[in-house]
Number of protein chains: 2
Amino acid sequence: MGIVKCHQSISLDGYSAGPDQSLENPLGVDGEGLHEWAFELDSWRREHGMDGGVTNASSAVVEETTANVGAGVMGRNMFGGGRGPWAAAPSWEGWWGANPPFHVPVFVLTHHGRAPLEMEGGTTFHFVTDGLVPAVARAREAAGDRDVVIHGGADTVRQTLRAGLLDEIWIHVAPRILGCGERLLDDVGGARFELIRAVDAPGVTHMKYRVLR
Amino acid sequence: MGIVKCHQSISLDGYSAGPDQSLENPLGVDGEGLHEWAFELDSWRREHGMDGGVTNASSAVVEETTANVGAGVMGRNMFGGGRGPWAAAPSWEGWWGANPPFHVPVFVLTHHGRAPLEMEGGTTFHFVTDGLVPAVARAREAAGDRDVVIHGGADTVRQTLRAGLLDEIWIHVAPRILGCGERLLDDVGGARFELIRAVDAPGVTHMKYRVLR
């Protein structure tokens, strides 16, 4: 059986997104800078259908986070299309174009039901209206022997921690101060972490933790 | 000329001390756990006058932070003895016993003047009542070609960052969640950081940053 895992970039002061998230700026003010270390990587670019890029100490980390993934879970805010009923955004198919970089079933947490959305390349978005625990259960079933990735956003990661459903997390610390926004590890109940290892890479520090029960 | 440097342990959620700091519990509830990685090191134990301990990847980090130090600066809360005039704690000589582990002049920020306190082993506490900038200037002068360490607490580190006086900082991330307390990197103005390197060690991740002007 696979595990439930997660990888999130945060600022030095703990934010995984900046303030004022919007359709134009989904990661909030300055939030995209948290991911700058990834954009130049060949492994990240390949996963997102682009050529070129460099190989460095981050490459193996990205490959590990994306290996052996059988399904994903994400919050409605990360899937996008605004809040509220889909009638307001009936044709919204996510931020990632016709061929999203997931290539497996992705379960989207929402209060508003919608038929599954089959994309190119193996990604199908399923819209789950009965909460996180059933969404993770469905993702585990779809993943079979492979892992489930909790894609985010921060609120979904926190819910997963509070529910005791997360097994491992990679935290990528970017050398930036956001000063405000949404913090990844606020209000995570009694979650306890054990450091597995850290990786020193250009412009980012990767820390891998086991979540203890 | 030396630099102004700092090393601070923080929790995964960014706190450098837990809630309810007191004379009995100066690092606040659960705050001492942030330093657990250091207590077992031979270099830390030697510095604090104890034998034994282990050598691991943290040892070189501790040696670097304590090397070439000519003077220190700390806040009144870190020096201790409660708040307010010294009349209430006339014999308070810090937490560290007769022979504190500094062995250089240490400038204590306080609103309440007091004669310098000469301890064994080369540590002299000077009490500075005109603020952080003069305290750092006096420490730089005392340090000569060597470095000034900003010992803490978090508020003093933040003041130093806001004043643009810090050159380098080691952040030691302990795999703990405190959930509340005092955050090291809240309200640090426009401080910008450049990652120098990270060190993977047992039970802690060390990250060294240059502070950009």
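Because the structure is predicted, anything quoted here is derived from the model rather than measured.

How each quantity is defined
Residues numbered from 1 in each chain as written. Chains lettered and ligands numbered in written order. Predicted model: local features only at pLDDT ≥ 70, side-chain atom pairs only at ≥ 80, totals over all residues. Heavy atoms only, no water. 1 Å grid on protein atoms, 1.4 Å probe; cavity = no way out; pocket = protein on both sides within 12 Å on 5 of 7 lines; lining within 4 Å. Points joined across faces, edges and corners; volume = space filled by probe spheres on them. Helix = DSSP H or I, 4+ residues; strand = E, 2+ residues; numbered from the N terminus. Nonpolar A, V, L, I, M, F, W, Y, C, P; charged D, E, K, R; others polar. Least-squares fit on C-alpha atoms with pLDDT ≥ 70 in both. Buried < 20%, exposed > 50% of the residue type's maximum accessible area, 1.4 Å probe, protein only. Pairing = 2+ DSSP bridges. Contact = heavy atoms within 4.5 Å. Buried area = accessible area lost by both parts, 1.4 Å probe. Salt bridge = Lys/Arg side-chain N within 4 Å of Asp/Glu carboxyl O. Polar contact = N/O pair within 3.5 Å; in protein donor to acceptor, adjacent residues only side chain to side chain. Phe/Tyr/Trp six-rings, centres within 6.5 Å; stacked < 30°, edge-to-face > 60°. Lys NZ or Arg CZ within 6 Å of the ring centre and 35° of its normal.

## Thoughts on empty space enclosed by the protein
A water-sized probe, rolled over the atoms, reveals where empty space remains.
Step number 1: Summed over all chains, the structure comprises two cavities of 30 Å³ or more.
Step number 2: Empty space within the largest cavity amounts to approximately 210 Å³.
Step number 3: Around the largest cavity, the lining is made up of 22 residues, and of these Leu12(A), Gly14(A), Leu12(B), Asp13(B) and Gly14(B) lie nearest the centre.
Step number 4: Residue assignment for the lining of the largest cavity shows that the elements contributing at least two residues are β1 (4-11) of chain A together with β1 (4-11) of chain B.
Step number 5: A per-class count over the lining of the largest cavity returns twelve nonpolar, four polar and six charged.
Step number 6: Quantified by volume, the second largest cavity comes out at close to 40 Å³.
Step number 7: Those elements giving two or more residues to the lining of the second largest cavity turn out to be α5 (132-143) and β7 (147-152) of chain A.

## A look at the relation of the copies chain B and chain A
Step number 1: Overlaying chain B with chain A gives an RMSD of 0.0 Å, the required rotation being 180° about an axis along which the chain moves by 0.0 Å. The superposition of one copy onto the other is thereby described by a two-fold rotation axis. Relative to the rotation axis, the C-alpha of Gly14(B) is the closest in chain B, positioned 3.3 Å from it.

## A look at the pairing of strand β3 (residues 69-75) of chain A
All names here are of chain A.
Step number 1: Among the seven residues in β3, seven count as buried, and that is most of the element.
Step number 2: Relative to β7, β3 is paired through five bridges, and the arrangement is parallel. When the bridges of β7 are listed, valine 73 appears paired with isoleucine 150.
Step number 3: Of the strand pairs in this sheet, β3 and strand β4 (residues 105-109) are connected by four bridges, and their pairing is parallel. Each residue of the ladder has a partner; that of glycine 75, found in β4, is leucine 109.

## Some points on the interface of chain B and chain A
Step number 1: In this assembly, 23 residues from chain B lie in contact with 23 residues from chain A.
Step number 2: Of the roughly 1900 Å² buried at the junction of chain B and chain A (both faces included), carbon and sulfur atoms supply 64%.
Step number 3: Looking at the side of chain B facing chain A, the largest losses of area belong to Leu12(B), Ile177(B) and Leu195(B), adding up to 27% of the total buried there.
Step number 4: Between chain B and chain A we count two salt bridges in total.
Step number 5: For Arg183(B), the salt bridge is made with Asp186(A), and the minimal N-O distance between the two is 2.7 Å.
Step number 6: At the surface where chain B touches chain A, the tally comes to four residue pairs in polar contact (both at pLDDT 80 or more).

## Notes on the side chain of Thr123(B)
Step number 1: Following the sequence through the fold, Thr123(B) ends up in the loop between β5 (117-118) and β6 (124-128).
Step number 2: When residues no more than four places from it in sequence are discounted, the contact partners of Thr123(B) are Pro100(B), Phe102(B), His103(B), Val104(B), Val106(B), Leu117(B) and Glu118(B).

## Digging into the packing of aromatic side chains
Step number 1: Considering all chains together, one arrives at 22 aromatic pairs over all chains under this definition.
Step number 2: Aromatic pair Phe79(B) and Phe127(B): ring centres 5.4 Å apart, planes at 80°, arrangement edge-to-face. A residue pair is termed long-range when its members are at least 10 positions apart, and Phe79(B) in helix α4 (residues 76-79) and Phe127(B) in strand β6 qualify at 48 residues. Each member of the pair Phe79(B) and Phe127(B) is classed as buried.
Step number 3: Through pairs of rings, three or more aromatic residues link up here, namely Phe79(A), Trp86(A), Trp96(A), Phe102(A), Phe125(A) and Phe127(A).
Step number 4: Between Arg76(A) and the ring centre of Trp86(A), over which it is positioned, the NZ or CZ distance is 3.6 Å.

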